[in-house]
Amino acid sequence: MFQPSPWRADFPAIAALQRQHQTYLDSAATTQKPQALVDALSHYYCHGAANVHRAQHLPGALATQAFEASRDKVAAWLNAADSRQIVFTHGATSALNLLAYGLEYRFEAGDEIAISALEHHANLLPWQQLARRRDLRLVVLPLDEHGRIDLEQALQLIGPRTRLLAVSQLSNVLGTWQPLPPLLAHARAQGALTVVDGAQGVVHGRHDMQQLGCDFYVFSSHKLYGPEGVGVLYGRPQVLELLRHWQFGGEMVQLADYQSASFRPAPLGFEAGTPPIAGVIGLGATLDYLASLDAHAVATHEASLHQHLLRGLADREGIRILGTPQAALASFVIDGVHNADIAHMLTEQGIAVRAGHHCAMPLLKGLGLEGAIRVSLGLYNDSDDLQRFFEALDQGLELLR
Amino acid sequence: MSLPVQAQEALASFEQARGWEQRARLLMQWGDRLEPLSEAEKVEGNRVHGCESLVWLVAEQHAGQWHFKASSDARLLRGLLALLLVRVQGLASAEFTGLDLREWFTQLGLERQLSPSRSNGLHAVLLRMAELAVSR
């Protein structure tokens, strides 16, 4: 039975892609954008750009107002108690690097940082490099056969030497929700700081920061239907105070002398230089749009399409799905067929999916794989998109076999 | 500069190909004709990095002529490598240096396989060949 997406027409690029015979199933990499975002960018650029937090003039005041309104919208989206807990960065990657540099002074040789085996490179490499700079131990929490962090082992591995836990909320390769509540509670009880990489998780459902109980949460705008070049770092007020300043320049400073300077607290103290103003305003417009949708209808639509995807893959011979995906995406390999060959066949037929290691090389290596194909869904996808994917897959496999 | 005989043959078959399916079939057929590499040749030193697939390229010069061998674990990429090799095999250094390989794949109707955003590896192999052309 055809399952339409009631929101498809809100995303003009989907129709444009369709005219180019492209079926977009790579939303976990980046998403298409709603008209509301395009309108907001166009409005800002057509009605007077200005720098924020600097000028007394009217355009500057309006830009600052719109920019700060976006901070309020992000805070509301995450149910943060205060907008000052929201720092704008240039992406999830830069937010995680900010943390790794801003907290570096707190680590001593022999301390431990715990991450999981499924981390995206963005939540692995900043900690790995910090560990190398400071002679720390990077502890890698293993996974169970479903592709979730093995809780029993994790609770053993996170101990009094653990100074920080950094884990993904939703895996970008396995599509599994991680058992955050017990992990975070345990890590905090051990005195460790907690960082959640919400890059994938934030796109599916609303997440309440006050309930989740992590110290820091990061995500990037472009995966949440917003513009690229913008990331968000949420922090509890007490832990934001722990951060040392890491990038220096305009507007993050209180007083500057030739030989010394003092710096602002979060958020502005961590937003050195001109921020991506239009992008932040655009993210605000995107959140307004998303907040206007029936959240239950979105969740039902996404869950139903995801089931359709999993069923279709399970129905085909020789397909092995990685882990037990719970949302948003599925990665798979096919016995005796190289994933690059499947990718080739799908690309030729206008199916936009991702092939390769998905920025998680150690995870793929751990699974004994060179790569995999990942199909990922957005709220604009419908069942015809999946049908076209399955037909293209069958056609490609027939040629290959 | 005239095309090597095998390259002429490849060009003729790809020019006649209608649609992506036929091109994919041809690529697989050409891939099957690729001379296999020995295990000793599949070493790290011959790996071409920057590809999602495993790709090896062995390049030697005998009496001023280039001799290449290449392979991959991915089937369609083997076809692309075969088409590359028939164009460059046995060329003198000067000819090789002056050759526009992008143009060659465009003639074959396979230019889309060269995009740097594609991780199939052909782009990386061409970069490696360009390095070789300059270095020797």
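Residues numbered from 1 in each chain as written. Chains lettered and ligands numbered in written order. Predicted model: local features only at pLDDT ≥ 70, side-chain atom pairs only at ≥ 80, totals over all residues. Heavy atoms only, no water.

(A) Representation of the overall build of chain A in the model. Helix and strand content of chain A: 14 helices and 15 strands. The C-alpha atoms of chain A give a radius of gyration of 22 Å, which matches the 21 Å a tight globule of 401 residues would have. When the backbone C-alpha atoms are referred to their principal axes, chain A occupies close to 70 × 55 × 35 Å. Sequence separation of at least 24 residues holds for 71% of the intrachain contacts in chain A that already meet a minimum separation of 6. (Helix = DSSP H or I, 4+ residues; strand = E, 2+ residues; numbered from the N terminus. Rg over C-alpha atoms; globule rule 2.2 N^0.38 Å. Contact = heavy atoms within 4.5 Å.)

(B) Representation of the overall build of chain B. When helices and strands are counted, chain B shows six helices and two strands. Going from the N terminus to the C terminus, chain B shows its helices and strands as α-α-β-β-α-α-α-α. Taking 14 Å as the expected radius of gyration for a compact globule of 136 residues, we find that chain B reaches 14 Å, a close match to that expectation. Reported as C-alpha extents along the three principal axes, the dimensions of chain B are approximately 40 × 35 × 25 Å. The proportion of buried residues among the 136 residues of chain B is 47%. (Buried < 20%, exposed > 50% of the residue type's maximum accessible area, 1.4 Å probe, protein only.)

(C) Region of interest: the sheet that holds strand E3 (residues 112–116) of chain A. Residue and element names in this part refer to chain A. Taking strand neighbours across the sheet as the criterion, the seven strands line up as E2-E8-E7-E6-E5-E3-E4 in an open arrangement whose pairing is mixed. Taken across any chain shown, the strands that pair with only one partner, and hence form the sheet edges, are strand E2 (86–89) and strand E4 (137–141). Looking at each pair of strands side by side, their axes are set apart by 20° on average, direction ignored. (Pairing = 2+ DSSP bridges. Axes fitted to C-alpha atoms, helices over the stretch in contact; angles between N-to-C directions.)

(D) Expanded view of the interface of chain A and chain B. With 15 residues of chain A at the contact, the number on the chain B side is 19 residues. Applying the counting criterion to the chain A and chain B interface returns one salt bridge. Its salt-bridge partner being glutamate 348 of chain A, residue arginine 112 of chain B comes within 3.6 Å of it at the nearest N-O pair. There are six residue pairs in polar contact (both at pLDDT 80 or more) connecting chain A and chain B. (Salt bridge = Lys/Arg side-chain N within 4 Å of Asp/Glu carboxyl O. Polar contact = N/O pair within 3.5 Å; in protein donor to acceptor, adjacent residues only side chain to side chain.)

(E) Main features of the pairing of E2 of chain A. All names here are of chain A. Burial of E2 is two-sided: the residues Ile86 and Phe88 facing one way and the residues Val87 and Thr89 facing the other way are all buried. With four bridges connecting them, E2 and strand E8 (residues 231–235) associate as antiparallel partners. Directly across from phenylalanine 88, in E8, lies its bridge partner valine 232.

(F) View of the sheet that holds strand E14 (residues 354–356) of chain A. Residue and element names in this part refer to chain A. The four strands lie next to each other as E11-E12-E15-E14, forming an open sheet whose pairing is antiparallel. Both outer strands of the open sheet, strand E11 (319–321) and E14, are each paired with one neighbouring strand and no more. Adjacent strand axes in the sheet meet at a mean angle of 30°, parallel and antiparallel pairs treated alike. Across the sheet, helix H11 (residues 295–314) lies against E11, strand E12 (329–334) and strand E15 (372–376), angled at about 10° from E12, the strand it touches most. Sheet contacts for helix H12 (residues 339–348): E12, E14 and E15; angle to E15, the most-contacted strand, approximately 40°.

(G) Main features of the pattern of salt bridges. Residues and elements named next belong to chain A. Counted by the stated rule, this structure contains 22 salt bridges over all chains. Between aspartate 385 and arginine 8 there is a salt bridge whose closest N-O contact spans 2.8 Å. Here aspartate 385, found in helix H14 (residues 383–400), pairs with arginine 8, found in the segment before helix H1 (12–19); they are 377 residues apart in sequence, far enough to count as distant. A relative accessible area of 2% means that aspartate 385 is categorised as buried. In this structure, arginine 374 engages aspartate 26 in a salt bridge whose closest nitrogen and oxygen atoms are separated by 3.4 Å. Taken together, the residues arginine 374 in strand E15 and aspartate 26 in the loop between strand E1 (23–24) and helix H2 (35–47) connect sequence positions 348 residues apart. Judged by its relative accessible area of 12%, aspartate 26 is buried.

(H) Geometry of helix H1 (residues 5–16) of chain B. All names here are of chain B. Taking 1.5 Å per residue, twelve residues should reach 16 Å; H1 reaches 17 Å between its end C-alpha atoms and fits that length. Taken together, the buried positions of H1 are occupied by Ala7, Ala10, Leu11 and Phe14. The buried residues of H1 all sit within an arc of 100° when viewed along its axis, so they share a single face. Away from the buried face of H1 by more than 90 degrees, exposed residues Val5 and Gln16 are located. Against helix H2 (19–32), helix H3 (75–88) and helix H5 (101–107) lie the buried residues of H1. (Expected span 1.5 Å × (residues − 1). Arc of directions from axis to C-beta.)

(I) Quick look at the packing of aromatic side chains. All told, the structure shown has 13 aromatic pairs over all chains when counted by the stated rule. When the ring of phenylalanine 11 of chain A is compared with that of tyrosine 380 of chain A, the centres are 4.9 Å apart and the planes differ by 70°; the resulting orientation is edge-to-face. Residue phenylalanine 11 of chain A is located in the segment before H1, and its partner tyrosine 380 of chain A is located in the loop between E15 and H14; the two are separated by 369 residues in the primary sequence. There is no split in this pair, since phenylalanine 11 of chain A and tyrosine 380 of chain A are both buried. Each member of the aromatic cluster is reached from another via a ring pair, and the members are Phe11, Tyr225, Tyr289 and Tyr380 of chain A. Sitting over the face of the ring of tyrosine 105 of chain A, arginine 244 of chain A holds its NZ or CZ atom 3.7 Å from the ring centroid. The ring of tryptophan 56 of chain B has lysine 42 of chain B sitting right over it, with the charged end atom 5.3 Å from the ring centre. (Phe/Tyr/Trp six-rings, centres within 6.5 Å; stacked < 30°, edge-to-face > 60°. Lys NZ or Arg CZ within 6 Å of the ring centre and 35° of its normal.)

(J) Focus on the packing of H11 of chain A against H14 of chain A. Residues and elements named next belong to chain A. Where H11 meets H14, the closest approach of the two axes is 10 Å, and the angle between their N-to-C directions is 15°. Relative to H14, the element H11 is oriented roughly parallel. Where H11 crosses over H14, the handedness of that crossing is right-handed. Judged by residue contacts, Leu305, His308, Leu309, Gly312 and Leu313 of H11 engage Ser383, Leu386, Gln387, Phe389, Phe390 and Leu393 from H14. (Parallel < 35°, antiparallel > 145°, perpendicular 65-115°, else oblique. Left-handed = near helix turned anticlockwise from the far one by under 90°.)

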